[in-house]
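The chain contents come next:
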Amino acid sequence: MKKFFRVTFKALLVLLLILVAGLFFVKWRIDHEVALVTPLSMSTEDVDLTPRSDPAFVPQILPPTGEPQHPYMAATDTSAMHSGSWESDTHPAKAVSSADVEVITRRAGGAAARQCATFTFIKEGHPLILCGGFTSFRLQLLDKDSLELLAMYDLPMRPSTFEAMVIRDTDIIFTDTSGGAYMYLDNEDRAVLADAKQRIRRIKAEQLDNGKWQFRETDSWDMTDYVPNDCYHWNNLRPTGECDGITTVMPDYNGLLWWVTRKGRVGSLNPEDGKVVATDLGGEEIQNSFALDEDGAYIVSDHAMYHMKLVDGMPTQQWRVPYDRGSGRKVGSINQGSGTSPSLFGENYLTFTDNADDHMNIYVARRGALAEGEARVICKVPVFTKGASVTDNSMIAYDRSIILENNSGYTNSMIQKDYSVIEGGVVRVDVLEDESGCETVWTNPLKVPSVVPKLSLGNGIAYFYSFDLLENGDRLWSLVGLDFETGKEVVRIPTGTGEAFNNNWASIAIAPNGDTWVGTREGVLKIREK
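Parameters and conventions
- Residues numbered from 1 in each chain as written.
- Predicted model: local features only at pLDDT ≥ 70, side-chain atom pairs only at ≥ 80, totals over all residues.
- Heavy atoms only, no water.
- Pairing = 2+ DSSP bridges.
- Helix = DSSP H or I, 4+ residues; strand = E, 2+ residues; numbered from the N terminus.
- Buried < 20%, exposed > 50% of the residue type's maximum accessible area, 1.4 Å probe, protein only.
- Lys, Arg positive; Asp, Glu negative; His and termini not counted.
- Salt bridge = Lys/Arg side-chain N within 4 Å of Asp/Glu carboxyl O.
- Contact = heavy atoms within 4.5 Å.
- Disulfide = S-S within 2.5 Å.

Description of the sheet that holds strand β9 (residues 190-194)
Sheet architecture is open: 4 strands sit in the order β8-β9-β10-β11, paired in antiparallel fashion. Both edges of this open sheet fall to β8 (184-185) and β11 (213-222), since each of them pairs with a single strand only. Judged from the 5 bridges that link them, β9 and strand β10 (residues 199-207) form a sheet pairing that is antiparallel. Along β10, the bridge assignment pairs Ala191 with Ile203.

Structural notes on the side chain of Glu67
Here Glu67 is to be found in the loop between β1 (52-53) and β2 (90-91). There is no salt bridge for the buried Glu67, and the closest opposite charge comes from Arg367, which lies 8.9 Å off by N-O distance. Ignoring sequence-local partners within four residues, the contact set of Glu67 consists of Thr76, Ser83, Gly84, Ser85, Trp86 and Ser88.

Observations regarding helix α2 (residues 159-167)
Turning to α2, its buried residues number three or more, namely Pro159, Ser160, Thr161, Phe162 and Ala164. Looking at the buried positions of α2, the neighbouring elements they touch are α3 (171-174). Arg168 occupies a position one or two residues after α2 and carries a positive phi of about 60°.

Here's the deal with the state of the cysteines
The final tally for this structure, using the stated rule, is 3 disulfides. Between the sulfur of Cys231 and that of Cys243 lies a disulfide, 2.0 Å long from S to S. The sign of the S-S torsion, about 95°, decides the handedness of the disulfide formed by Cys231 and Cys243: right-handed. Pair noted here: Cys231 is in the loop between β11 and β12 (246-251) and Cys243 is in the loop between β11 and β12, with a separation of 12 residues, a long-range link. Residue Cys379 pairs covalently with Cys438 via a disulfide, S to S 1.9 Å. Handedness of the Cys379-Cys438 disulfide follows from its S-S torsion of about -75°: it is left-handed.

A short note on the pairing of β9
Taken across its 5 residues, β9 has 5 buried, putting it largely inside the fold. The two faces of β9 match: Arg190, Val192 and Ala194 on one face and Ala191 and Leu193 on the other face are all buried. As paired elements, β8 and β9 share 2 bridges and run antiparallel to each other. Each bridged residue has a counterpart across the sheet, and for Tyr184 the counterpart in β9 is Val192. Joining the antiparallel neighbours β8 and β9 is a turn of 4 residues, in which Asp189 adopts a positive phi near 60°.

What about the sheet that holds strand β30 (residues 475-483)?
Pairing within the open sheet is mixed, and its 6 strands lie in the order β1-β31-β30-β29-β28-β2. Edge positions in the sheet fall to β1 and β2, since each of these pairs with one other strand and no more. As defined by bridge partners, β30 adjoins strand β31 (residues 489-497) across 7 bridges and the pair is classed as antiparallel. Within β31, the residue paired with Leu479 across the bridge is Ile493.

In structure tokens:
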């Protein structure tokens, strides 16, 4: 009998070791990524990919935004998803605008593809990006010319991924903005982010003597004393406590780090001594990034727009503007509230949207001290089609102008079946010279499901990512440029077909050399002039 138990135990042990080895192999297959470039695959091959540009369009160079160079961030247009601490989504470089261009693509990930959403650029010009995957978020450094992988660094798997597997609802993944997506690049070329284990981290890409690159963590601060972390994990599949995630970290102009969480916690971290001070918004949710100027932070919750300053490290409210959050979450947004990160523009303006039921409204507010008789809100402009008006992307904000896209009808690439329901629309709204209100300057019916748009100050073109429905039901995706002055389409560059080319809430980025990058569902693409 003892021999039988010994044999059985050994057999079970062998089976367990085989199972564990199998799981490690599967994870390796999912995560393994080679340096060489594998292009994105098109689902429909026989399509016309000819770029088109308007020969009558005359590019114009637009003056700088007026945003000062942040002392603790990389060069403004290279430092964050929304192009600096003002979150204006503008770039000084001249982006691609001719029909004589080249599209280069790279599939990210191993057996399971990764979606690349966030772009920054180190001083050498290489893109330092963040790509999400089934097992983890991953920092990647790509060669600026070839797109070959120079280095990578895995971050922890987000609790929302475990929760989605347990509950079997992938929407949970796409409504979670925590884990590092809103990272920024600091003045020493370090990626600064909060990972899924509530740690604020600084991670640097550095080149070794042999010419190879590597990532190295330079600093880390554990925030679990301030952010509840009873979260889904492989060893905690039935959590009973609170799980919160840090969504955004940004530096103030004195070097303190602001941070916010999905469930409305707002705090600061002093990186010199590790001191943390925190408060909360009383149950309001924060799903977007926030903007900063020399006078503090501008944070939008799912109830109101806030201006806050750090007083002895404590985030302290200066003013609050409530807005119409509507009666529920709309298709085209990730929560019941504003879908935009606040954007700063002009000398004293701030813009964001609400979530009103019939028409979403663009708000413009004065961000500084009010003169006698002035109101905080300058205007509130309803936009797009009644009952089909929502966005979950920031505006382009420049001078006195705001450009906004309509995301109504789009969910995410994993569950979207009918692309004909996407409403579409782009609008430009300007603040009147006398600040008595705002006016709509132009509209364009372009269908833009989900991209973070960008304005090139080098040529006066606003860039979006759109699609055309093919006869077989597939989608042909394109980078589309609209004239900032008129809203007319002036350039269209097809990139590819199918979900591999769907940007799926990722951003456009314009590199300092003018190369135009787009994150996609299965990787990344770059468009450059030949």
